[in-house]
Amino acid sequence: MADQLILDENPNPWPALWALVLGFFMILVDTTIVFVAVRAIMEGLHTDVNGVLWVTSAYLLAYAVPLLITGRLGDRYGPKNLYLIGLVLFTASSAWCGFTGSIGMLVTARVFQGLGASLMTPQTMAVITRTFPSNRRGQAMALWGAVAGVATLVGPILGGVLVDGLGWEWIFFINVPVGVIAMVLAWRLVPALDTHPHRFDWIGVGLSAAGMFLLVFGIQEGQSYNWSLGIWLLIAAGLVVLAGFVYWQRHNSGEPLVPLALFRDRNFSLSNIAISAVGFAVTSMAVPIMLYAQAVEGLSATRSALLLVPMAVFSGGFAPIFGRLSDRVHPRYLAGIGLTLLPISLVWLAAEFEPAAAIWTLLLPIALLGLANAFIWAPVSSTATRNLPMQQAGAGAGIFNTTRQVGAVLGSAAIAVLMQSRIAAELPATAGSSVSAEGGGTLPRILHAGFSTAMAQSLLLPAAVVLIGLVAVLCYAAPKHLRSAPTATDEPAPVPA
C-alpha cells in the first residue's frame, strides 16, 4: 500500500520541490533550446520553415493533449510514480531525437518526448498544491517561475554553444545525463502522497486529441495548401469535435476528464485564460526573434542566443520577489503589470527590427520582456491553484497546464502561418520561396529590409493575444487568504536555507 503522507508528516516540502523542478527545468530548456537550432536543423535535415516548426508543434501537441488525463493519473497512482515514468520516457526519447536522420523521424521522436513531458508537468503543480499551505504557495510558485526564467537563459545559450560546437543533435543528447540525475533525486526526495480513486474518460481523451490535431494541422498547413477548401473543412471539423468534447464533459454521467465544476471558481477560470494567452505569446515570439538575429543580423546560434540573456536575468531575478509578494498582494495588480509590459515590449522590439539595427537597441525591449514575465508566472499560477480541493489537485493542475500548452500549440501553428504569409508578402516571390525552403545562412543584403519587416509584423500577433490575458487578470477576485485571517492549518511552510 502506498505511503500516506500529509503535510504534517512532511514538514519541509522544499527538497521534494527542488528535485521536481530539475525535471521541469529540463522540459523548459528543451523547448527553448530548439528555437536556437531551427536554422541548423533546416540545413542538416534539408527541410523548410514549416517542416522544422512541426518539430516544435508535434512536441507541444503531444505535451498538451494528454495533460488532461496525466494530472488525473497522478491523483490515482501517485504524482511521484507518474513523474518518474514520464522522466524515463522523456530521457529515452531525447536520445532518440539525437540519433534521427530525417525530419519525419525527428518529429516522431518529439511526439514521445512530449508525452513524457505531459506525464511530468502536472505532478509538479500537484505536489505544490498538496504540500504547501495555500497562503504560502506563492513562494513555491516563485521557485517555479524562477526556474522558467533561468531556463530561458540556459536553453538558448547552451543550445547555441552545442549547435555551433558539436551539432544540433547535441541539444537532445544533453538531456540524457540531466535526466538520470533528476531520476535519482526524485526517487530519493519526492514523497509518496496519498492517492484518490478515479475512473478515466477515454472518450474524452479521444475527442480532445482528435479535435486538437485537426485544428492545429489545419492552421499550420493552411499556407502550404493555399488555404484550400479541405484545410477549412479540417479546421471546422476540429472545432466541431472540440465542441463535442465540451458537450461530453458536461453530460458524462461518470467521471469526466475535465471536472467543469472547477471552473465555478472565478479565479481558476480566469487564470486558465491568462496562462493560455501567455503560452501563446512566449512560444510564438521566439522563432521570429531567432530568425531575424541569424538571417539579418548575421549572428551565430550562440550569439543570437545571447540576445535573450537580459530577458532571462530579469525574469529569473525578479520572479522570486514577485512570487513572495503574490502571497500578500492582490494578484490582479502583479499579473496586470506583467501583462501590460509584455505587449509593450513586443511592439517595441518589433519597431527595432531594421536591417542595420544596433544590437543594444534590441536588448532593451528584450530586458523588458523578462521583467514582464517575472510579474506573471507566480501570481497567475498560485491564484489558479489556491482554492482547489486536495482530491482534485492533479486534475486542476492538468487543466491549468493543458490550457498553457494549448496556447503554446496554437501559438506555434499560428506564427508559422503568419511568418510564411508575411515573407511571401514582403519579399519577391522567388526570394520568399527560397527563404522558406532553405533558411540557412545570412540572407543577401537586398532581402534584409523585407525579411525584417516580415519578422516585425509577426511579433505583433503575440502582442495582440496577450491583451486577452490582461483582461482576464484584471477581473480577478481577491483570494480567500487575503480576505480572512489565516487558520492554524495555514502555517507557513519551512523556507529552505
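In the annotation of an unreviewed UniProt entry, the entry for the chain reads DHA2 family efflux MFS transporter permease subunit, and the organism field reads Jatrophihabitans cynanchi. Database annotation for the chain, UniProt heading Subcellular location (unreviewed entry): "Cell membrane".

(A) The packing of aromatic side chains, seen in detail. A full pass over the atoms with the stated rule returns eight aromatic pairs. Arranged with centres 5.3 Å apart and planes meeting at 45°, the rings of tryptophan 96 and phenylalanine 112 form a pair that is tilted. You can see tryptophan 96 sitting in helix H5 (residues 79-99) and its partner phenylalanine 112 sitting in helix H6 (residues 103-131), a full 16 residues away along the chain. On the accessibility criterion, phenylalanine 112 (35% relative accessible area) is partly exposed.

(B) Looking closely at the packing of helix H4 (residues 67-77) against H6. Contact geometry for H4 and H6: axes closest at 8 Å, N-to-C directions at 50°. With respect to their mutual orientation, H4 and H6 come out oblique. In terms of crossing hand, the pair formed by H4 and H6 is right-handed. Contacts between H4 and H6 involve Leu67, Thr70, Gly71, Gly74 and Asp75 from the first element and Ser118, Leu119, Thr121, Pro122, Gln123 and Arg130 from the second. Here the residues of the contact of H4 with H6 are counted per class, giving three nonpolar, six polar and two charged.

(C) Broad picture of the nonpolar core. Within the largest apolar cluster, 145 residues are counted, with the highest numbers of intra-cluster contacts made by Trp168, Phe353, Val380, Phe451 and Met455. Ignoring anything within four residues of it in the chain, the contact list for phenylalanine 353 reads Pro288, Ile289, Tyr292, Leu362, Ser452, Met455, Ala456 and Leu459.

(D) Focus on the environment of glycine 298. Relative to the assigned elements, glycine 298 resides in the loop between helix H12 (266-295) and helix H13 (301-306). Of the residues examined, glycine 298 reaches a relative accessible area of 35% and is grouped as partly exposed. A sequence separation of 145 residues divides glycine 298 from leucine 443, and the C-alpha atoms of the two residues are 8.2 Å apart.

(E) Focus on a nonpolar patch on the surface. Residues Trp96, Met105, Phe112 and Leu115 make up a contiguous nonpolar surface patch of roughly 320 Å² in combined accessible area. Tallying contributions element by element places H6 first for the nonpolar patch, with three residues. Judged by its relative accessible area of 32%, tryptophan 96 falls in the partly exposed class.

(F) Just the environment of alanine 301, in detail. For alanine 301, the location among the structural elements is in helix H13. A relative accessible area of 7% means that alanine 301 is categorised as buried. Expressed as a C-alpha distance, the spacing of alanine 301 and alanine 37, which sit 264 residues apart in the sequence, is 7.1 Å. Residue contacts for alanine 301: discarding those within four places in its chain leaves Val36, Gly160, Val163, Asp164 and Gln294.

(G) Representation of the confidence of the model for the chain in the model. For the chain, per-residue confidence averages 79 on the pLDDT scale, and residues scoring 70 or more make up 84% of the total. For the chain, per-element mean pLDDT is lowest for helix H18 (residues 429-437), which scores 50, and highest for helix H15 (residues 331-352), which scores 93. Below a pLDDT of 50 lies the segment residues 485-497, which in the model reaches 21 contacts outside its immediate sequence neighbourhood of four places, other chains included.

The rules behind the values
Along each chain, residue indices are assigned from 1 in the same order as the chain's sequence is written. Only residues with pLDDT of 70 or above have their local features reported here, since the model is predicted, and side-chain atom pairs are shown and tallied only from 80 upward, although totals for entire chains, interfaces and linings are computed over all residues. Note: side-chain values were computed over all heavy atoms of the structure, leaving out hydrogens and water. UniProt positions are given in the numbering used here, feature names are shortened, and annotations may be inferred rather than shown by experiment. Under the pairing criterion, centres of Phe, Tyr and Trp rings, with the six-membered ring standing for Trp, must be within 6.5 Å; the plane angle then separates stacked pairs below 30 degrees from edge-to-face pairs above 60, leaving the rest tilted. Numbering goes from the N terminus for both helices and strands, where a helix is a DSSP run of H or I of at least four residues and a strand is a run of E of at least two. To sort residues, take the accessible area from a 1.4 Å probe on protein chains only and compare it with the maximum for the residue type: under 20% means buried, over 50% means exposed, and anything in between is partly exposed. A fitted line through C-alpha atoms serves as each axis, taken over the contacting stretch for helices, and the angle formed by two N-to-C directions is quoted from 0 to 180°. Note that the term roughly parallel is reserved for angles under 35 degrees, roughly antiparallel for angles over 145, roughly perpendicular for angles of 65 to 115, and oblique for everything else. A clockwise turn of the near helix away from the far one marks a right-handed crossing, whereas an anticlockwise turn of less than a right angle marks a left-handed crossing. Contacts were defined at the residue level, with two residues in contact if any of their heavy atoms lie within 4.5 Å. Classification used: nonpolar for Ala, Val, Leu, Ile, Met, Phe, Trp, Tyr, Cys and Pro, charged for Asp, Glu, Lys and Arg, polar for all others including Gly. Remark: nonpolar core denotes a set of buried residues (Ala, Val, Leu, Ile, Met, Phe, Trp, Tyr, Cys) joined through side-chain atoms within 4.5 Å. Only residues whose relative accessible area exceeds 30% and that take part in no salt bridge are eligible for patches, with like-charged residues grouped when within 9 Å of each other and nonpolar side chains (Val, Leu, Ile, Met, Phe, Trp, Tyr) grouped when within 5 Å. Accessible surface area values rest on a Shrake-Rupley calculation with a 1.4 Å probe, where residue burial reflects the displayed protein chains alone. Basic side-chain nitrogens of Lys or Arg form a salt bridge, by our definition, when they fall within 4 Å of a carboxyl oxygen of Asp or Glu. Residue-level confidence of the predictor is what pLDDT reports, using numbers from 0 through 100.

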